[in-house]
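# Descriptive structure summary
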Amino acid sequence: MAALAEGAPLAFHLWVFCAGAVVGSFLNVVIARVPKGESLVRPGSHCPKCGAPIAWFDNIPLVSWMLLRAKCRRCGQPISARYPLVELIAAVLAVAIVRQLGPTVAALGYFAFAAALLALAYIDLDTWLLPHQITWPLLAVGLASPLWNRELPWHSSLIGAAAGFCLFAAIALIGEKLLKKETMGWGDVWLLSGIGAWLGFQALLPVVLLSALQGSIVGIALIALGRDPAKAKEPDQQNASPADDDWVPPKHAVPYGPFLSLAALEHLLAGNRLAAAWDFLLRRLFA
Ligand SMILES: [Zn+2]
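Values in this document were obtained by computation on a predicted structure and should not be read as measured data.

Rules used in this analysis
- Residues numbered from 1 in each chain as written.
- Predicted model: local features only at pLDDT ≥ 70, side-chain atom pairs only at ≥ 80, totals over all residues.
- Heavy atoms only, no water.
- Donors = N, O, S within 2.8 Å, 3.2 Å for Na, K, Ca; no water.
- Tetrahedral: all angles 85-135°; square planar, octahedral: opposite > 155°, others 65-115°.
- Helix = DSSP H or I, 4+ residues; strand = E, 2+ residues; numbered from the N terminus.
- Buried < 20%, exposed > 50% of the residue type's maximum accessible area, 1.4 Å probe, protein only.
- Axes fitted to C-alpha atoms, helices over the stretch in contact; angles between N-to-C directions.
- Parallel < 35°, antiparallel > 145°, perpendicular 65-115°, else oblique.
- Left-handed = near helix turned anticlockwise from the far one by under 90°.
- Contact = heavy atoms within 4.5 Å.
- Nonpolar A, V, L, I, M, F, W, Y, C, P; charged D, E, K, R; others polar.
- Phe/Tyr/Trp six-rings, centres within 6.5 Å; stacked < 30°, edge-to-face > 60°.
- Salt bridge = Lys/Arg side-chain N within 4 Å of Asp/Glu carboxyl O.
- pLDDT = per-residue confidence, 0-100.
- Expected span 1.5 Å × (residues − 1).

This part covers the coordination of the zinc ion. Bound to the zinc ion are the protein donor atoms Cys47 (SG), Cys50 (SG), Cys72 (SG) and Cys75 (SG), situated 2.3 Å from the metal. Considering all four donor atoms around the zinc ion, angles at the metal cover 105 to 117 degrees and the coordination shape is tetrahedral. One chain supplies every donor to the zinc ion, and in sequence these donors are spaced C-x2-C-x21-C-x2-C. Here Cys50 is found in the loop between α2 (10-33) and α3 (63-67), whereas its partner Cys72 is found in the loop between α3 and α4 (82-101), with 22 residues between them in sequence. Classification of Cys50 by relative accessible area gives partly exposed; the value is 25%. On the basis of relative accessible area, Cys72 is assigned to the buried category, the value being 11%.

Spelled out as structure tokens, the structure:
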């Protein structure tokens, strides 16, 4: 917190926090509507249970959910805690990125990157899909990001996108052709390519390792707890994609997209510290 007090003024961070929460509110719309192919603007926000339109004063990020005590004003049915959670995560990410990069265009770019990852993570949790409507623009804008991000050389972005694509495409093809089963979804291939474009090729190995490690830990923990994450969907299926009904997730599997997104954000915000910790660990073990 020391940096917050002595760096940019508190009021600025508060403003960034609020702006992040507003973007998070929009991400909730993206998460609910993009998998169903619905418009992001029309109709306006409505209660997913009773369909009642939500007035602006009941739609203030973070605040309204608490004032309404997590219940729809009209039908009184519970409003999922996920809505304020996504808003809170977006707000915290906005502050963290601005603290890391300062009030720069690069920070704004990386916040857009983080917002897309957040939406993709939740869509993947809901539907086991990473829609092209998000992954392809993510890749395209990432390839353009050296325009405003001086820290990222063009060749690093380009190689990162190409290498990320080839690495996971190889795994996907090996699974499809040799093992005759889905080892890697094509959504994950496009997502890693986009991450490579935004973070550069140096980020690919740490991101893949971090995501695999954390995904394995969560997967093992869920099996140990006797929970089948594939069936542990929320009772309200409003976000499930209708086209996806015939496909059943493999038993004891967790979608990989959320872990790729998480690892990319960890690398963006704490990459240097993680590398130092890793280095320290290796020296302790082998020196
Ligand atoms: Zn309602």
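Contact geometry of α4 with helix α5 (residues 105-127) gives a least axis separation of 9 Å together with a crossing angle of 150 degrees. Judged by the inter-axis angle, α4 sits roughly antiparallel to α5. Regarding α4 and α5, the two cross each other, and that crossing is right-handed. In contact with Arg82, Leu85, Val86, Ile89, Ala90, Leu93, Ala94, Ile97 and Leu101 of α4, α5 contributes Ala106, Ala107, Tyr110, Phe111, Ala114, Leu118, Tyr122 and Asp126. Partitioned by chemical class, the residues of the contact of α4 with α5 number 15 nonpolar, no polar and two charged.

Turning our attention to the packing of aromatic side chains. For the structure shown, the criterion picks out nine aromatic pairs. Residues Phe165 and Trp186 carry aromatic rings whose centres are separated by 6.4 Å and whose planes lie at 45 degrees to one another, so their mutual orientation is tilted. You can see Phe165 sitting in helix α7 (residues 154-179) and its partner Trp186 sitting in helix α8 (residues 186-199), a full 21 residues away along the chain. Residue Phe165 is classed as partly exposed on the basis of its relative accessible area of 25%.

A few words now on the pattern of salt bridges. As enumerated under the stated definition, the model contains three salt bridges in all. The partner of Arg73 in a salt bridge is Asp58, with the nearest N and O atoms 2.6 Å apart. On the criterion of sequence distance, the pair formed by Arg73 in the loop between α3 and α4 and Asp58 in the loop between α2 and α3 is long-range, its members being 15 residues apart. In this structure Asp58 comes out as buried when scored by relative accessible area, which is 14%.

What follows deals with the confidence of the model for the protein chain. With 88% of its residues at a pLDDT of at least 70, the protein chain reaches an overall mean of 88. Across residues 1-5, confidence stays below pLDDT 50; counting only partners more than four residues off in sequence or on other chains, it has four contacts. When the criterion is pLDDT under 50, residues 232-245 qualifies, and its contacts beyond four places in sequence or with other chains add up to 24 contacts.

Our next topic: the environment of Leu204. Position of Leu204 among the secondary structure elements: in helix α9 (residues 204-224). Judged by relative accessible area, Leu204 falls into the buried class, the value being 9%. For Leu204 and Ala163, which are 41 residues apart along the polypeptide, the C-alpha to C-alpha distance reads 8.2 Å.

For α8, spanning 14 residues, the distance from its first C-alpha to its last is 20 Å, which sits close to the expected 20 Å at 1.5 Å a residue. Here α8 lies mainly inside the structure; 12 of its 14 residues are buried. Taken together, the buried positions of α8 are occupied by Gly187, Asp188, Val189, Leu191, Leu192, Ser193, Gly194, Ile195, Gly196, Ala197, Trp198 and Leu199. With its phi angle positive at about 90 degrees, Gly200 sits one or two positions after the end of α8.

Attention shifts here to unusual backbone geometry. Pro43 follows Arg42 through a cis peptide bond whose omega is -5 degrees. As for its position among the elements, Pro43 is in the loop between α2 and α3. For Leu62, which is not glycine, the phi dihedral falls at a positive 65 degrees. The residue Leu62 is located in the loop between α2 and α3 in this model. The buried category is assigned to Leu62, whose relative accessible area is 16%. One non-glycine residue with positive phi stands out, namely Trp128, at about 60 degrees. If you trace the backbone, Trp128 turns up in the loop between α5 and α6 (132-144). Look at Trp128 and you get buried, because its relative accessible area is 17%.

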